[in-house]
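Chain by chain, the residues:
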Amino acid sequence: MAYRPKGFGLSAELARKKERKFDPDLASDCAEWIRVVLDDGGYEEEANSINIDVETPADFIKPLKDGIILCKVLNVIKPGSVKKINTSKAAFKIMENIEQFLNGCQNIGVKKLDMFQSVDLYEAQNVPQVVNGIVALGRKAQSLGYDGASLGPTESSINKREFTPEQLRAGQGIIGLQAGSNRGASQAGLNFGKTRAIID
C-alpha cells in the first residue's frame, strides 16, 4: 500500500466526513450476506474467514482487500462472471482482481454510479462506498434470479402502462392538479397594509 501523508485542511475534513458515513451495522449485514453467498457456492473456507462483527472500516476491508472473495461471490451469483482469479499477492494482481469484480458487476447490470473504485477498496480510501457497492450487488442479485440470501431492498422493475385511445381522449379535457385551479378565485380580502387615501 502506498504511503499517503495525513491530510490537512479540506482533505482532512473530507476524510473525516467519509469516516462518519461508515455504518457498522450495514457493513455487518454485508459481511454476513457475503458469508452466506460463499457458503451457498461451496466456499466454506472463505466463508469462515469473513468477520461478521464489524466495528471499524478495517474490520470490513481486511478479508476483501485482495478481491478474491468478491470475485468468488460474483461467480456464485452469476457463474462465469470472472474468468480467472489471481491468487498472487502482488499489488497489480490484487488491483486486477478488484477491477475484474467491478467489470463483472457492470456486465450483470449494476450501475457504475453505485459501485466503488478499486483504490477505495485496496487503500481503504472510501469504505462506505465499498459497502454501498456490495449492497447494490445484493439488490441486483435478487433481480437476476439468485435465490439465496437477499441484501437490501428489492430492485424496482418496469411497469409499463397501456391506454386505449378512448382513455387518452378522456384525459385531454381534464385540467391536472399541478396546473392549479381557478374555481372560487377572487381578490376579496387581499388588503395588505394601510389603504391609500386620496384627498382632493
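Our subject is the structure that appears above.
Residues numbered from 1 in each chain as written. Predicted model: local features only at pLDDT ≥ 70, side-chain atom pairs only at ≥ 80, totals over all residues. Heavy atoms only, no water.

A. Expanded view of the overall build of the protein. A count of helical and extended segments in the protein gives nine helices and zero strands. Its helices and strands in sequence order give the protein the pattern α-α-α-α-α-α-α-α-α, from N to C terminus. Within the span of the protein, comprising 200 residues, buried residues form 32% of the whole. A separation threshold of at least 6 residues defines the contact pool for the protein, and within that pool the share at least 24 residues apart is 59%. Per element, the accessible surface of the protein, about 14,000 Å² overall, is 51% carbon and sulfur. (Helix = DSSP H or I, 4+ residues; strand = E, 2+ residues; numbered from the N terminus. Buried < 20%, exposed > 50% of the residue type's maximum accessible area, 1.4 Å probe, protein only. Contact = heavy atoms within 4.5 Å. Areas by Shrake-Rupley, 256 points an atom, 1.4 Å probe, with all protein chains shown as cover.)

B. Up close: a positive patch on the surface. Taken together, the side chains of Arg 16, Lys 17, Lys 18, Arg 20 and Lys 21 present a region of like positive charge at the surface. Structurally, the position occupied by Lys 21 is in helix α1 (residues 10–21). (Patch = residues over 30% accessible without salt bridge, like charges linked within 9 Å, V, L, I, M, F, W, Y side chains within 5 Å. Salt bridge = Lys/Arg side-chain N within 4 Å of Asp/Glu carboxyl O. Lys, Arg positive; Asp, Glu negative; His and termini not counted. Charge placed at Lys NZ, Arg CZ, Asp CG, Glu CD.)

C. Structural context of the pattern of salt bridges. Applying the stated criterion across every chain, the model contains five salt bridges. Among the ionic pairs, Arg 139 bridges to Asp 114, the shortest N-O distance being 3.3 Å. One end of the pair, Arg 139, is in helix α8 (residues 127–143); the other, Asp 114, is in the loop between α6 (91–107) and α7 (118–122), with 25 residues separating them in the sequence. Of the charged contacts, one joins Lys 140 and Glu 155 as a salt bridge, the two residues approaching to 3.0 Å between their closest N and O atoms. Placement of Lys 140 in helix α8 and of Glu 155 in the loop between α8 and α9 (165–172) is noted, with a sequence separation of 15 residues between them. With relative accessibility at 28%, the residue Glu 155 sits in the partly exposed group.

D. Looking closely at the nonpolar core. Ranked by size, the top nonpolar core spans 43 residues in total, and within it Trp 33, Ile 34, Phe 60, Phe 101, Ile 134 and Leu 137 carry the most contacts. It is α8 that contributes the most residues to this core, eight residues altogether. Apart from the residues within four sequence positions on either side, Trp 33 is in contact with Val 73, Ile 77, Ile 134, Leu 137, Gly 138, Ala 141, Ala 149, Ser 150 and Leu 151. (Core = buried A, V, L, I, M, F, W, Y, C linked by side-chain atoms within 4.5 Å.)

E. Looking closely at unusual backbone geometry. Residue Ala 124 is not a glycine yet carries a positive backbone phi of 50 degrees. Mapped onto the secondary structure, Ala 124 falls in the loop between α7 and α8. The partly exposed category is assigned to Ala 124, whose relative accessible area is 40%.

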